[in-house]
Amino acid sequence: MKIQRFGRMSAVALVGALALTACGSDNNTTSASGTAGGGGSTANIDCAAGEVQAEGSSAQKNAIELAIKNYQSACAEATLSYNPTGSGAGIKQFIAGQVDFAGSDSVLSDQPEEGVVETEDAAKTCGSPAWNLPMVTGPIAITYNVPGVDKLVLTPDVAAQIFQGRITTWDDPAIAKINQGVKLPGTRISVFFRADESGTTENFTKYLSATAKDLWTADPSKVWSGKGEGKNKSAGVASAVKSTEGGITYAEWSYAVDNKLDIAQIDNGAGPVELNSRTVGKAVDAAKNVGKGHDIRLELDYATKEKGAYPILLVTYEIVCSKGQDEAKTKLTKSFLSYFSSKDGQKSLEAAGYAPLPEEVRTKVSASVDALS
Amino acid sequence: MSGTTGAAPTARRDPFGGGPSDPQGTRKTGRLGDRLFGGAARGAGLLVIAIVVLVGVFLLSRAVPALLDNRANFLTSTEWSVGGESQRFGIATMLWVTVASSVVAMVIAVPLGVSVALFITQYAPTWLARPAAGLVQLLAAVPSIVFGIWGAYVVGPYFEPVQNLLNSVLGWTPLFSDTTVSGSSTILFAGVVLAIMVLPIVTAMSGEIFAQTPTTHREGALALGATKWEMIRTTVLPFGKPGVISAAMLGLGRALGETVAVMIILSALADGTAWSWSLLNGGETFASKIANGAPEFTTPLQTGAYIAAGLVLFVLTFVVNAIARVVINRRKAFTE
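How each quantity is defined
- Residues numbered from 1 in each chain as written.
- Chains lettered and ligands numbered in written order.
- Predicted model: local features only at pLDDT ≥ 70, side-chain atom pairs only at ≥ 80, totals over all residues.
- Heavy atoms only, no water.
- Salt bridge = Lys/Arg side-chain N within 4 Å of Asp/Glu carboxyl O.
- Helix = DSSP H or I, 4+ residues; strand = E, 2+ residues; numbered from the N terminus.
- Buried < 20%, exposed > 50% of the residue type's maximum accessible area, 1.4 Å probe, protein only.
- Core = buried A, V, L, I, M, F, W, Y, C linked by side-chain atoms within 4.5 Å.
- Domains from an automatic or database assignment.
- Contact = heavy atoms within 4.5 Å.
- Buried area = accessible area lost by both parts, 1.4 Å probe.
- Polar contact = N/O pair within 3.5 Å; in protein donor to acceptor, adjacent residues only side chain to side chain.
- Nonpolar A, V, L, I, M, F, W, Y, C, P; charged D, E, K, R; others polar.
- Phe/Tyr/Trp six-rings, centres within 6.5 Å; stacked < 30°, edge-to-face > 60°.
- Expected span 1.5 Å × (residues − 1).
- Bend = angle between axes of the 7 residues up to and from the residue.
- Pairing = 2+ DSSP bridges.
- Disulfide = S-S within 2.5 Å.

## Thoughts on the pattern of salt bridges
Logical step 1: Inspection of every chain in the model, using the stated rule, returns 10 salt bridges over all chains.
Logical step 2: Between Lys 61 of chain A and Glu 65 of chain A there is a salt bridge, with its nearest N and O atoms 4.0 Å apart. Highlighted residues: Lys 61 of chain A and Glu 65 of chain A, both in helix α2 (residues 61–74), separated by 4 residues, approximately one helical turn.
Logical step 3: Across the pair Arg 88 of chain B and Glu 79 of chain B runs a salt bridge, and its minimum N-O distance is 3.0 Å.
Logical step 4: When its relative accessible area of 32% is taken as the criterion, Arg 88 of chain B is described as partly exposed.

## Side note on the nonpolar core
Logical step 1: Judged by nonpolar contacts, the single largest core of 86 residues is most densely connected at Tyr 71, Ile 142, Ile 248, Phe 336 and Leu 337 of chain A.
Logical step 2: Per-element accounting of this core gives the leading share, 8 residues, to strand β4 (residues 130–145) of chain A.
Logical step 3: There are two domains that each give this core at least three residues, and those are domain 1 (12–137 + 315–371) and domain 2 (140–281) of chain A.
Logical step 4: Excluding anything up to four places from it in sequence, Phe 336 of chain A contacts Ile 64, Ala 67, Ile 68, Tyr 71, Leu 80 and Phe 101 of chain A.
Logical step 5: Core analysis: the second largest hydrophobic core is formed by 30 residues, Trp 80, Ala 248, Phe 297 and Ile 328 of chain B among them.

## Section: unusual backbone geometry
Residues and elements named next belong to chain A.
Logical step 1: The phi angle at Lys 233 is positive, at roughly 60 degrees, despite the residue not being glycine.
Logical step 2: Relative to the helices and strands, Lys 233 resides in helix α8 (residues 233–243).
Logical step 3: The residue Lys 260 is not glycine, and still its phi comes out positive at about 55 degrees.
Logical step 4: Within the element layout of this structure, Lys 260 appears in the loop between α9 (253–258) and β9 (262–263).

## So, the domain arrangement of chain A
It is common to report an interface's size as the accessible area lost on association of the parts.
Residue and element names in this part refer to chain A.
Logical step 1: Domains assigned within chain A are domain 1 (12–137 + 315–371) and domain 2 (140–281).
Logical step 2: Listed by partner, the interface residues are 12 residues for domain 1 and 10 residues for domain 2.
Logical step 3: In total, about 980 Å² of surface goes out of reach between domain 1 and domain 2, with carbon and sulfur atoms giving 49% of it.
Logical step 4: Looking at the side of domain 1 facing domain 2, the largest losses of area belong to Asp 105, Gly 353 and Ala 355, adding up to 31% of the total buried there.
Logical step 5: Summed over the shared surface of domain 1 and domain 2, the number is 0 salt bridges.
Logical step 6: Where domain 1 packs against domain 2, one counts 1 residue pair in polar contact (both at pLDDT 80 or more).
Logical step 7: Class assignment for the residues of the side of domain 1 that touches domain 2 results in 6 nonpolar, 4 polar and 2 charged.

## Description of the packing of aromatic side chains
Each aromatic ring pair is summarised here by two numbers: the centre-to-centre distance and the angle between the ring planes.
All names here are of chain A.
Logical step 1: Per the counting criterion, the structure on display carries 22 aromatic pairs over all chains.
Logical step 2: Taking 5.5 Å as the distance between ring centres and 85 degrees as the angle between the ring planes, the aromatic pair formed by Tyr 71 and Phe 336 counts as edge-to-face. Of this pair, Tyr 71 sits in helix α2 while Phe 336 sits in helix α11 (residues 327–340); the two residues are 265 residues apart in sequence, bridging distant segments of the chain. The residues Tyr 71 and Phe 336 share a single accessibility class, namely buried.

## As for helix α8 (residues 228–257) of chain B
Logical step 1: Taking 1.5 Å per residue, 30 residues should reach 44 Å; α8 of chain B reaches only 38 Å between its end C-alpha atoms and comes up short.
Logical step 2: Lys 241 of chain B marks the point of greatest bend in α8 of chain B, at about 55 degrees, and the proline Pro 242 of chain B comes within the next four residues.

## Comments concerning the sheet that holds strand β5 (residues 153–154) of chain A
All names here are of chain A.
Logical step 1: Strand order in the open sheet made by the 3 strands is β5-β10-β11, with mixed pairing throughout. With partners counted over all chains shown, the strands left at the sheet margins are β5 and β11 (272–273), one partner each.
Logical step 2: One ladder, built from 2 bridges, connects β5 with strand β10 (residues 265–267); its direction is parallel. Bridge pairing in β10 places Leu 154 opposite Ile 266.

## As for the state of the cysteines
All names here are of chain A.
Logical step 1: A complete count under the given rule lists 2 disulfides over all chains for this structure.
Logical step 2: Each sulfur in the disulfide pair Cys 126 and Cys 321 lies 1.9 Å from the other. Its S-S torsion of approximately -65 degrees makes the covalent link between Cys 126 and Cys 321 left-handed. Taken together, the residues Cys 126 in helix α4 (residues 118–126) and Cys 321 in strand β14 (residues 313–321) connect sequence positions 195 residues apart.

Written out as structure tokens, the structure is:
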């Protein structure tokens, strides 16, 4: 990580020394033509200059901030900012034309909701169809704090009962049955949920209602429908679990990793699956693309019985205007997104607790980014 | 709000202006400066009134459509499901949590604040009084998110035993009965942190008025053989009562509206959690509920539901201030 950045910086220095900055044409300094970057281990970033603002999902905050940092350290002339106010706010600002692209946990809805059809409104603002580009794969971890138990397997049924408050202690026979050989204490289970409306909650309850239909009957929504105690944002639930013995919650992978929390393995029916980028990639690969053309809408199968596929995950999208925007901004957006969707861009996300897109999906996204104009 | 209502009676008693019915008529000889200043002051007053009215109108205009669409009883329901096809929402839990946490805060902050103010104005030597007052004021400058984080992560663990003790000794009363909320994420603890946050307001305002106790009263009491405590009880406290009440009400206003600190400390409850009067329960106040929901406002009706909750907070604060006015005015009449 550090070494990479150092390499990148030296690459920048080299590029600067050779006056080979491939920045936008509106740049005053003498700029020779040709693609920039080159040296070092990082990808060829085709730099653009200017300023771009994005807003939206907090689930991809760490990923996009990392990508922006990497991008900007290679492209000094570019200023990108991402405001993690939540998917709803991001889409709203995007439709209002306030930001250049939005980050969202779910695709723009094409069904009317109280008279609002997001795809139509977005197309109106853009003057062209808006595209959903899956960019960041954020697995959702079920994290827990039970001293002495560093390996825990959960099935959808047991997870649903825990999060509904039906299983109240850690040594409950239902948990013991699927965790043979693990010494479970009699601690009370404290369930924590997201008190704010959150795409993570929506995806987690989507998972539960898809896999434990009989137990989890509530409709998936951004508002928690189980039991427990609500904490604000991912940071809130993660730190609550960390400080509460017997606590359990669902949170993005990065928060579990950052807080050094134990992560449960999920058994959808084909054996326990550990959460790592390989198992997540496998699940994304299994998702169906229901979008048309360059608009990519992934439909995840939460109940997948595919061996070794980690089923609880969230794919966050960047929502962009397909064409007809301010030229300089489009150039920068395109340049940034093509770095973001590049192999190296995706790979670097792993350090922040996100899984890279599987190759097949990634190439599709790259092609869509290339088609932006 | 209190500023506006306070300004009105003073203006009426104003001996120079000739009363509101004849603002400029008798002042033909008035100089330009007079007129400019009078106009500016009047403008400022009107501006504040206009802002409050506009806020009220905005809240009403947004809240009413959502309220009309509400399928549950807004005042008594404990449900909160908004954003879908049919919205069901009520404010009962929020009202309880808001009022309970603020009352806890006042129960702690008012006696403590008055004591600190008495110490600073009556007991402390001059060299100590000023720095002490300054330090208390400094508390007011701490951002509320700092209070929240400090409360939740630093003080919280130490407060837990206190709660457990209250629960084991007073657990038979509904106020301290068992709940499922873990640690110090409770209404009681939120109230304690709120108390610290409103302390500077209570201390500064009551200190200000205690310091104005006429020296003749105090010396008279002492001359009659009163001890220091008796002097304070018979002169300073009665004189300062209206001030203390205003201070308490101003503090209460802050406690009712406090958002971030409460949001960090308090555990929200899942929809459908059984009702409990316990102070050891979690919940959300009006302000923290709105703050929790705000990032995901999507449809006007959903936003309206939250704004309706905000409207209740607005009205609640208004009522509290009105009560304070009435109390202060009555006290004044009594002492004069």
